[in-house]
Amino acid sequence: MNVGEVLRFAWQGVTANKPRSALTTLGILIGVAAVIILVAVGTGSSKAVQDQISSLGSNTLTVSASSTAAGGRGGPAGGGGFAFFGAGDTTTSQNATQTRQPEVTMADAEAIAAAAESGEASAVLGVAPVVSAQSVTATYDGASHSVSTFTGTTPAYLLIDNSEVDEGRAFTDAEYTAHRRVAVVGTSVAEDLVGDDVGDLVGETVSFNGIEFEVVGILATKGSSGPQDQDDRVIAPATSVQDTLSGYGALGSISVKATSAEAVDQAETEIYAVLDARHGVTSTERDYSVSNASSFLEAATASNETFTVLLGAVAAISLLVGGIGVMNIMLVTVTERTREIGIRKAIGARRGDIVGQFLAEAVMLSLFGGAMGVLVGLVGSRFEIVGVQPVVAAYSVGLAFGVSVLIGLVFGLYPANRAAALRPIDALRYE
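First things first, this report covers the structure right here in the doc. (Residues numbered from 1 in each chain as written. Predicted model: local features only at pLDDT ≥ 70, side-chain atom pairs only at ≥ 80, totals over all residues. Heavy atoms only, no water.)

### Some details on the packing of helix α3 (residues 106-118) against helix α8 (residues 264-279)
Contact geometry of α3 with α8 gives a least axis separation of 10 Å together with a crossing angle of 135°. With respect to each other, α3 and α8 are oriented oblique. Seen from above, α3 lies across α8 with right-handed handedness. Here α3 contributes A107, D108, A111, I112 and A115 to the contact with α8, which in turn contributes I271, V274, L275, R278 and H279. (Axes fitted to C-alpha atoms, helices over the stretch in contact; angles between N-to-C directions. Helix = DSSP H or I, 4+ residues; strand = E, 2+ residues; numbered from the N terminus. Parallel < 35°, antiparallel > 145°, perpendicular 65-115°, else oblique. Left-handed = near helix turned anticlockwise from the far one by under 90°. Contact = heavy atoms within 4.5 Å.)

Written out as structure tokens, the structure reads:
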């Protein structure tokens with residue numbers, strides 16, 4: 001038989017029992033769609049994290065306390081670039097030497113800023129201390145909103161964070177120094193308090209855990225990053241936040257902006273030099289750490305790649321199960337059509353003709369299931385899943401479809417060979 005005849009006989013075999021063929025292709029469809037959608041979820045999650053980190057800028061560094069460090073000897077307290085300084089030093093009773101708990105303070109932030117101003121840290125463009133208030137609820141005119149992130153900092157933070165004020169204005173250095181209770185809020189906070197016209201909140205007084213702050217500006221929208229809403233935040237002077245909501249003590253972190261992406265390594269070295277001297281530590285005993293956006297991005301990318309591979313592997317199991325279903329149905333088909341196989345072999349059909357027909361049937365089932373699975377996968381990836389907007393990876397479509405066809409070949413080969421191996425006399429006598 002030629003190829004056309006093989007395909008015609010295969011099509012007749014597939015359509016002879018439509019419900020059974022449909023259920024067989026459903027297994028392949030589910031497997032292919034699952035691979036595409038789950039890989040898209042992993043890719044979308046990775047992209048969301050990358051976008052969030054990239055929004056900080058490639059030249060942003062974060063100084064934070066090291067939870068595993070034992071601490072070194074305390075350095076000088078530092079001068080008065082910032083209005084308030086944390087006192088993390090304690091004194092031992094036996095040797096009267098100062099030791100430090102692992103923490104970063106206002107004095108550390110002031111020291112880095114002073115080094116930048118003097119030219120000692122020439123690669124540092126801006127410095128902002130960061131304190132955080134926890135479990136803050138905003139209330140205004142009967143409406144309330146639980147704030148996801150309440151940050152106390154300096155005006156320089158907006159530059160470092162690549163944040164802009166869309167309506168109103170940012171708070172000023174003078175307001176920071178004067179401990180003014182002013183704030184800029186994200187659009188999600190403003191919408192919950194006043195509705196869609198977020199500009200109406202500018203100039204109004206909002207209570208945060210019962211403490212009144214004047215809203216002087218509305219931050220430009222940044223959107224969501226996976227399940228995290230980047231607009232659900234409030235930024236206020238660190239001085240007033242420490243006065244009212246967070247208390248005085250160690251900072252959560254210090255945000256630093258390098259003069260350019262190329263100067264990040266130099267800025268990191270300069271920060272180490274300033275803080276090593278302040279904390280009285282060496283490179284092997286630091287009680288703080290300095291990280292940059294690129295290191296976060298590398299770690300997040302590696303983690304999400306592992307997550308994506310895991311999701312793809314889980315989905316591939318369902319595709320394998322679908323292939324087993326194809327083999328099962330083809331074996332049933334061979335058994336049901338034993339007499340037909342005997343008649344065809346008796347009138348001259350060769351072994352290759354029989355193998356080709358049944359192999360073509362298995363591939364048709366897998367091919368159709370794969371094509372429908374791709375369609376379902378592409379449509380399903382258009383919807384947000386568990387807070388993540390899936391991003392279809394082109395390789396996953398080609399891989400899933402290719403594997404579905406390969407499954408038809410592999411899992412159809414045994415039933416096809418079994419059919420071809422039947423002796424005509426035995427097949428004709430089969431009831």
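### Details of the packing of helix α11 (residues 351-380) against helix α12 (residues 394-420)
It is the contact of α11 with α12, at a shortest axis distance of 7 Å, that shows an interaxial angle of 155°. Between α11 and α12, the interaxial angle falls into the category roughly antiparallel. Both α11 and α12 take part in a crossing whose hand is right-handed. Here the contact of α11 with α12 is composed, by residue class, of 19 nonpolar, six polar and one charged. (Nonpolar A, V, L, I, M, F, W, Y, C, P; charged D, E, K, R; others polar.)

### Quick notes on the nonpolar core
In terms of nonpolar packing, the biggest core is built from 52 residues, with V63, F150, V185, L201, F208, I254 and I271 touching the most fellow members. By size, the runner-up hydrophobic cluster in this structure holds 26 residues, among which are I28, I407, F411 and A416. (Core = buried A, V, L, I, M, F, W, Y, C linked by side-chain atoms within 4.5 Å. Buried < 20%, exposed > 50% of the residue type's maximum accessible area, 1.4 Å probe, protein only.)

### Things to note about the packing of aromatic side chains
Overall, the coordinates contain four aromatic pairs when judged by the stated rule. Seen from their ring centres, F150 and F208 are 5.2 Å apart, and the 75° between their planes marks the pair as edge-to-face. With a gap of 58 residues between them, F150 in strand β7 (residues 149-153) and F208 in strand β10 (residues 205-208) connect regions that are remote in the sequence. For the pair shown, F150 and F208 are each scored as buried. Their ring planes at 70° and their centres at 6.1 Å tell us that F150 and F213 sit as a pair that is edge-to-face. In this pair, F150 is assigned in strand β7 and F213 in strand β11 (residues 211-219), connecting sequence segments 63 residues apart. Side by side, F150 and F213 carry an identical accessibility label, which is buried. What links up through ring pairs into an aromatic cluster is the set F150, F208 and F213. Sitting over the face of the ring of Y272, R286 holds its NZ or CZ atom 3.8 Å from the ring centroid. (Phe/Tyr/Trp six-rings, centres within 6.5 Å; stacked < 30°, edge-to-face > 60°. Lys NZ or Arg CZ within 6 Å of the ring centre and 35° of its normal.)

### As for the pairing of strand β15 (residues 253-258)
Judged by how many residues are buried, β15 sits mostly within the fold: six of six residues are covered. Taking every second residue as pointing to the same face, both faces of β15 are buried, with S253, S255 and K257 on one and I254, V256 and A258 on the other. Pairing analysis gives four bridges linking strand β1 (residues 60-65) to β15, with the strands arranged antiparallel. Residue T60 lies in a different strand from β15, and its bridge partner there is K257. Where strand β4 (residues 124-133) and β15 come together, six bridges link them in antiparallel fashion. Within β15, the position partnered with A128 by the bridge is S255. (Pairing = 2+ DSSP bridges.)

Just geometry here; none of it tells us what the structure is for.
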